[in-house]
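# Architecture at a glance
If you want the building blocks of each chain, they are given just below.
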Amino acid sequence: MSENSRMDENDNDKKEVSQEKMFTLKKWNAVAMWSWDVECDTCAICRVQVMDACLRCQAESKKDFYGKQDCVVVWGECNHSFHYCCMSLWVKQNNRCPLCQQEWSIQRMGK
Amino acid sequence: MSRQRKQEDNGPFKRSVDTPSSQHSKRRRLFETDENMSDNSVDPNRRPNFSNVGYVQVGNGFSRNLNTVQLKPTAAKKIVIKNLKSEPKLPEDYRYQTWEKLSSAVLAIQQSKSNQYSLEELYQAVENMCNHKMAHTLYTELYSLTETHICLNIEQFLAESMDRFLFLKKMNETWQNHCDQMIMIRSIFLYLDRTYVLQNPNISSIWDMGLELFRKYIVLNTLVQTRVVEGLLMLIEKERHGDKVDRTLLKSLLRMLTDLQIYDSAFEQKFLQSTERLYASEGQRLMQEFEVPAYLTHVYKRIQEENERVIHYLDTSTKYQLIHTVEKQLLSEHVTNILQKGLDSLLEENRIDDLTLLYQLFSRVKNGLVELCSAFNAFIKKRGRTIVIDPEKDKTMVQELLDFKDTMDNIVQTCFNRNEKFGNSLKEAFEHFINQRTNKPAELIAKFVDSKLRAGNKEATEEELERLLDKIMVLFRFIHGKDVFEAFYKKDLAKRLLVGKSASVDSEKSMLSKLKQECGGGFTSKLEGMFKDMELSKDINVAFKQHLNNAQDLIPLDMTVNILTMGYWPTYMAMDVNLPEEMVKFQDIFKEFYLSKHSGRKLQWQPTLGHCVLRAQFKAGLKELVVSLFQTLVILLFNKYDELSFDYIKAATNIEDGELRRTLQSLACGKARVLLKIPKGREVEDNDKFRFNNEFINKLYRIKINQIQMKETSEEQKATEERVFQDRQYQIDAAIVRIMKMRKTLSHNLLISELYNQLKFPVKPADLKKRIESLIDRDYMERDKDNPNQYNYVA
């Protein structure tokens, strides 16, 4: 290899190495955390963090096949978010967003 | 002597003799026959009274005669028995003569001389006298005869200065003689015994009469009695001191006392007193002289000996009191002393046999086991505390606790007879001392589990591991601050899962189910969520691989991503770092891919947890480096430049200062030095420069370069504890509000005591006060206006 001679010539210089890389990335094991993309961490209806299951679900410890509590988040057109369970009970009494009093319509559901 | 009276059968021989009308005689009126009938008549000298009496003594040959008669029914002659012409009469001097005969026989017996009359003859004489209403006289005569004889015997026992042993021998001899003689006399006077005595309840039998007289004249004599009892006690004491004594002599004399009915009054009391005295002093002395095990063995031997004594010569009625006395003097009196002096060392040295003996002996005395149990409890608390309390021993604490528990369990099992009280006491003691030091044992137990569940731990098979986990769960049960355990366990579990270092999924799952069983689903739901995240990530990665196949212009990089649910996992420091272009590209592709599948979510990358495999070309050849993401970022910089300054690396990667220093340290100062630090040294300074080490040699192809974690751990540990305390605050708040909501008003002290009942972790009263203050500030409750020590709930 010609590296040695080249390094001798320009010892202190930060010099580009030839096209042959000394290190190549072969495998990468990355880690990421997911959370609901919400503005407020807690569900205004049950006062529990949206990442956790809502109070009712925690009490019933309702579980799906994998044992995960199936308690997703729902966003309204107003961009406010709540537990889906909490909201579906709420709209039976009052079809408005509890935070901004706009008429409630679902923008999207967590999945 | 067998007589048969067959009133009905011998009807033909029946003859009504008009004999005196006493009931006794009436019964005798029936005709009795005897095989010696003819003899009787032929030899009147031998039984001179017979023919006169007019009836025949019955023998067992009766039926033969009867048969003779009945077998000849055809005989021409008929035997007719007629009444006697005149009533038979006794000779005048009959009574005198007969008594002469009898008294001479009795005297002969008493003097052990031979007797001229046959026993049969004498018996007959007695019977005849009885039947002629002379029984009373006979009895009186016999009484006075015996009395005189016994009175004569007393002299020999009153002599001064007689050797005690000889005295006892003599007494025994006299007693034996008395018994023999009385048996003989009774045999002769048996008929008297069976008729006259039986019919007069106030008169004692000949045997009893003998006993009474013996008792009255000999043994009730104070001097004699004292001598006998003292002699006996002396012999017994001699035996207790280990000498051989004549047990038969003892037995016989004690039987004498029992027979004379003075065993209780004359002997037993004194015997028990002397026993008590002896063992009281022996107990005192030996407790001083002997070690506890030797003492216990001695006590056991003593009890054994006394039991034997009861079997061999004492009366069984003494047994309970005797054994009780021994136990009391040798054990009860010294219970505390024995426990103080010896229990700790016995337990310490695991002396199974001695402990078993101790338990057996103590179970004999009242309160013995209670005392033993509390001493056992105190020992565990004391010993356990030394294991737990010393920070220097933290490394071995859990293993020591496990060993200690094993030993103590074994002692309860084998030595203490699986006594439930001891088992419970053991648990109580463990729970007590393990919580003497807050939080640390919980943390160390969690770490111990981690070390066992981590891959590369080949010291145990699955079954052994399973058993170990069970044992650990027992320790876990004792711990009050279970939340501390959970926090550390979770952190370690996260590491195991993310680095793929878990030894076996089965063991992990089994540990999880044990925790669930112990603390309920709430405790483990997040831990379970972590496992689920790992499984879901696998599926996602498979899908992502397929997705990548469609993409173009990508370097060949094998990327996998673990997607963790926020909240299930420990929180990690979020930091932004500069990734190389290709990596960012991959990251973006993945993010897009993931969010398209899961709407409403957001992803936060965790660079601290990532790791990579690099291919590295050194002069000596190709190597593979297994490194963390941070190490990767640093190393990749050297693709462009051979030498870089610390500042440049810091700016280029944007890794946090401390983290970067540790990373560089691991690469340039560790075992596998891929970089060279200029100047050399252990610590990374601001002005250091780093160079690619082309001369790198390592015999392995695949090299793992560990992150340096020493400092981090202590920080992490603090952070973990901090988080636990945070969580506890909420729990305290919740508990206060719960209680106040129910009670409406409550004094400070009552509130605090209720809180201690509800909270499962240790808290200081000062912390509780702070929480109460905070709740008052937040208008959950208020101080009573009149009484500052009273709180009111505010709805």
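In this convention, every chain numbers its residues from 1, walking through the sequence in written order. Going through the entries in the order they are written, you letter the chains from A and number the ligands from 1. Reporting of local features is limited, given that this is a predicted model, to residues whose pLDDT is at least 70; pairs of side-chain atoms are given and counted only at 80 or more, and all residues count toward the totals for whole chains, interfaces and linings. Side-chain numbers here rest on the full set of heavy atoms in the structure, without hydrogens or water.

Chain B has the name Cullin-4B in an unreviewed UniProt entry, where Cryptolaemus montrouzieri is given as its organism. UniProt positions are given in the numbering used here, feature names are shortened, and annotations may be inferred rather than shown by experiment. The Pathway (unreviewed entry) field of the UniProt record for chain B holds the comment "Protein modification; protein ubiquitination."

The name an unreviewed UniProt entry gives chain A is RING-box protein 2, with Cryptolaemus montrouzieri as the organism. Listed in UniProt under the heading Pathway (unreviewed entry), the comment for chain A reads: "Protein modification; protein ubiquitination." The record in UniProt for chain A states the following under Sequence similarities (unreviewed entry): "Belongs to the RING-box family."

### Considering the pairing of strand 4 (residues 621-628) of chain B
Residue and element names in this part refer to chain B. Counting buried residues along strand 4, seven of its eight residues qualify, which places the element largely inside the surrounding structure. Note on pairing: two strands pair once DSSP finds at least 2 bridges between them. Only runs of H or I of at least four residues qualify as helices and only runs of E of at least two qualify as strands under DSSP, and these elements are numbered from the N terminus. Hairpin remark: strand 3 (residues 611-618) followed by strand 4, antiparallel, with two residues in the connecting loop. Pairing geometry for strand 4 and strand 8 (residues 702-704), over three bridges, is parallel. Along strand 8, the bridge assignment pairs E624 with R702. The classification of residues rests on relative accessible area computed with a 1.4 Å probe and restricted to protein chains. Under 20% of the type maximum is buried, over 50% is exposed, and intermediate values are partly exposed.

### Focus on the environment of E291(B)
Of note, E291(B) is situated in the loop between helix 13 (263-289) and helix 14 (292-312). C-alpha of E291(B) to C-alpha of L192(B): the two residues are 99 residues apart in sequence and 66 Å apart in space.

### Side note on the confidence of the model for chain B
Per-residue pLDDT for chain B averages 83, and the proportion of residues at 70 or more is 89%. ipTM for the predicted complex: 0.78, alongside a pTM of 0.71. pLDDT expresses, on a scale from 0 to 100, how confident the predictor is about each individual residue.

### Considerations on a negative patch on the surface
Residues and elements named next belong to chain B. Together, E462, E463, E464 and D506 line one region of the surface with negative charge. Looking at which element gives the most residues to the negative patch, the answer is helix 22 (residues 462-478), with three residues. Positionally, D506 belongs in helix 24 (residues 505-519). Each patch is built from residues lacking any salt bridge and having more than 30% relative accessible area; the joining distance is 9 Å for like charges and 5 Å for nonpolar side chains (Val, Leu, Ile, Met, Phe, Trp, Tyr). Computed with the Shrake-Rupley method and a 1.4 Å probe, the accessible areas treat only the protein chains shown as cover for residues. Put simply, a salt bridge is a Lys or Arg side-chain nitrogen that is within 4 Å of an Asp or Glu carboxyl oxygen. Residues counted as positive are Lys and Arg, residues counted as negative are Asp and Glu, and His and the chain ends are not counted. Note that the charge is assigned to NZ on lysines, CZ on arginines, CG on aspartates and CD on glutamates.

### Observations regarding the packing of helix 6 (residues 119-131) of chain B against helix 9 (residues 190-199) of chain B
Residues and elements named next belong to chain B. To get an axis, fit a line to the C-alpha atoms, keeping to the stretch in contact for a helix; angles then go from 0 to 180 degrees between the N-to-C directions. Where helix 6 meets helix 9, the axes come as close as 8 Å, and the angle between the chain directions of the two elements is 20°. Considering the angle they form, helix 6 stands roughly parallel to helix 9. Pair helix 6 / helix 9 crosses with right-handed handedness. Two secondary-structure elements touch here, helix 6 through Y123, V126, E127, C130 and N131 and helix 9 through L190, Y191, L192 and T195. For the contact of helix 6 with helix 9, the per-class residue count stands at six nonpolar, two polar and one charged. Our angle categories are set so that under 35 degrees counts as roughly parallel, over 145 as roughly antiparallel, 65 to 115 as roughly perpendicular, and the remainder as oblique. If you view the pair so one helix is near and one far, a crossing is left-handed when the near helix is turned anticlockwise from the far one by less than a right angle, and right-handed when it is turned clockwise. Throughout, a residue-residue contact means that at least one pair of heavy atoms, one from each residue, lies within 4.5 Å. Residue type decides the class: Asp, Glu, Lys and Arg count as charged, Ala, Val, Leu, Ile, Met, Phe, Trp, Tyr, Cys and Pro as nonpolar, and the leftover types, Gly among them, as polar.

### A short note on the sheet that holds strand 2 (residues 73-76) of chain A
Residues and elements named next belong to chain A. In space, the three strands of this open sheet follow the order 3-2-4, with antiparallel pairing throughout. Each edge of the open sheet is held by one strand with a lone partner, namely strand 3 (81-83) and strand 4 (106-109). Ignoring strand direction, the axes of neighbouring strands in this sheet form an average angle of 30°. Where strand 2 lies against strand 4, three bridges are found, and the strand directions are antiparallel. Bridge pairing links W75 to R108 in strand 4. Sitting on the sheet, helix 3 (residues 84-93) is in contact with strand 2, strand 3 and strand 4, with an inclination near 95° to strand 3.

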